[in-house]
Amino acid sequence: MKITDLGGHSGCKILLCEKNNNEIFVRKISSDKNYNKRLAVQAKKQATYSNPNIKVPKVLQTGYTDDGLFYFDMEYVQGITMAEYIKTIEIGKVRSICESIVNNIVSRDSENTDVDESIFTTKIASLKEKLQPQNNPVINDAIELLNKHSWKRFRKTQCHGDLTLENIIVKDNQLYLIDFLDSFYDCWIMDISTIMQDVQTMWSYRHDEEAEINTKLRLLVFRDILMDTVKRVSPEDYLEVYYALLLKLIRIFPYTKDKETYDFLNDKTKSIINIIREMEVCEH
C-alpha cells in the first residue's frame, strides 16, 4: 500500500493511502493516547453528520494502531478548499454558496429549549483568569462584554466545531465539510462565527502577503452576503454571531506567541467589540 503523509492538525497524522487495487482513502491517527478520546468524538461527529445538501467524507472504519493510537479511515475527496476557491470564484457565485451554507447550517431544531449558560460563564471566567496578567484594555473590554451577554440563544444543534474556509471543500460544485472538531459547545452559531473569523478578520490570510486585493474584496463580499442571509433566515441571531466571534478571538490569545500575530489579533478583537457596541446602540 502506498502511503503519503499529508501533515495534520492538533498533532494528528493524516495519511493518504492507496491500495494495490487503486482504492484511495484517508487515515487520521491520534497524536498520542491522551488525544484518543477527542479524535473518537471527532470521528463520531463526522460519521453522524446529516445534511441533505452539504456532504462529508464517509467514515469507513475506526481502530487502533499497534501503539494504541486511535485512528479512523475516511473517503478521499479530491477537491479545492474554499480558502483557495474564493481567490478565483466569480463574484456572482458567492451568493449561492453563502445561501447554501446558511440555509443548510442554520438549525431551528435543537436538543433542548433551555441553554445551560453556566457553560459559557465558566469558559469566560477561565479565560479571564488566564488573560488577566496581560492587563490588556482590549481583552478586558471583551471579557466585560462577554460576561454581560446572555447566551440563551445558543441552543445545542449539530455543529462542525471548526468550520474555517480551509475545512470546506468544493468538488464539482458540491460542498464537503472536513476536519470536524470536538468543541466546548455545539451550536450552529459557533460554526457561522468560525467562517466569519476568516471572512471578517481574514485570520487564515494574515500571513499571506501575496493575497491579491481581489481576494480580499471577495472575502468582504462573502462576509456581507453571509451575514445578510443570516439576518434574513434567523434575524434574532445576527448579533449572536458577533458575540460568538468575539469569544472565539479571545480564546486564541493564550496561544499567541509572536508579537505580529498578537497585534493582529488585538486589532481584530477591538474591531469586533466596536461592531457589537454599534449594533447594540442601533437596537436600542
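These remarks concern the structure in this document. Keep in mind it's a predicted model, so treat the numbers as computed, not measured. (Residues numbered from 1 in each chain as written. Predicted model: local features only at pLDDT ≥ 70, side-chain atom pairs only at ≥ 80, totals over all residues. Heavy atoms only, no water.)

### Some details on the packing of aromatic side chains
Going by this rule: Note on aromatic contacts: the rings of Phe and Tyr and the six-membered ring of Trp form a pair at centre separations within 6.5 Å, being stacked when their planes are under 30 degrees apart, edge-to-face when over 60 apart, and tilted otherwise. Whether a residue is buried, partly exposed or exposed follows from its accessible area with a 1.4 Å probe, protein chains only, as a fraction of its type maximum: under 20%, in between, or over 50%, in that order. Throughout this description, the term charge over a ring refers to an Arg CZ or Lys NZ atom that lies within 6 Å of the ring centre and within 35 degrees of the ring normal.
This model, assessed by the stated rule, comprises 12 aromatic pairs. Ring geometry for phenylalanine 184 and tyrosine 185: centres 6.4 Å apart, planes at 45°, overall tilted. Accessibility expressed as a relative area gives 22% for phenylalanine 184, which makes it partly exposed. Across from the ring centre of tyrosine 71, 4.0 Å away, lies the NZ or CZ of arginine 27, which sits over that ring.

### Some details on the sheet that holds strand 8 (residues 174-177)
Basically, it comes down to this: A pair of strands counts as paired when DSSP detects no fewer than two bridges linking them. The numbering of helices and of strands both runs from the N terminus, where a helix is a DSSP run of H or I of at least 4 residues and a strand a run of E of at least 2.
Sheet architecture is open: three strands sit in the order 6-7-8, paired in antiparallel fashion. Strands with a single pairing partner mark the edges of an open sheet, and in this sheet they are strand 6 (80-81) and strand 8. Inspection of the sheet shows strand 6 paired to strand 7 (residues 168-171) by two bridges, in the antiparallel sense. Bridged to isoleucine 80 within strand 7 is valine 170.

### Some words on unusual backbone geometry
One non-glycine residue with positive phi stands out, namely asparagine 173, at about 65°. Of note, asparagine 173 is situated in the loop between strand 7 and strand 8. For aspartate 179, which is not a glycine, the phi torsion comes out positive at approximately 55°. Within the secondary structure, aspartate 179 sits in the loop between strand 8 and helix 6 (188-199).

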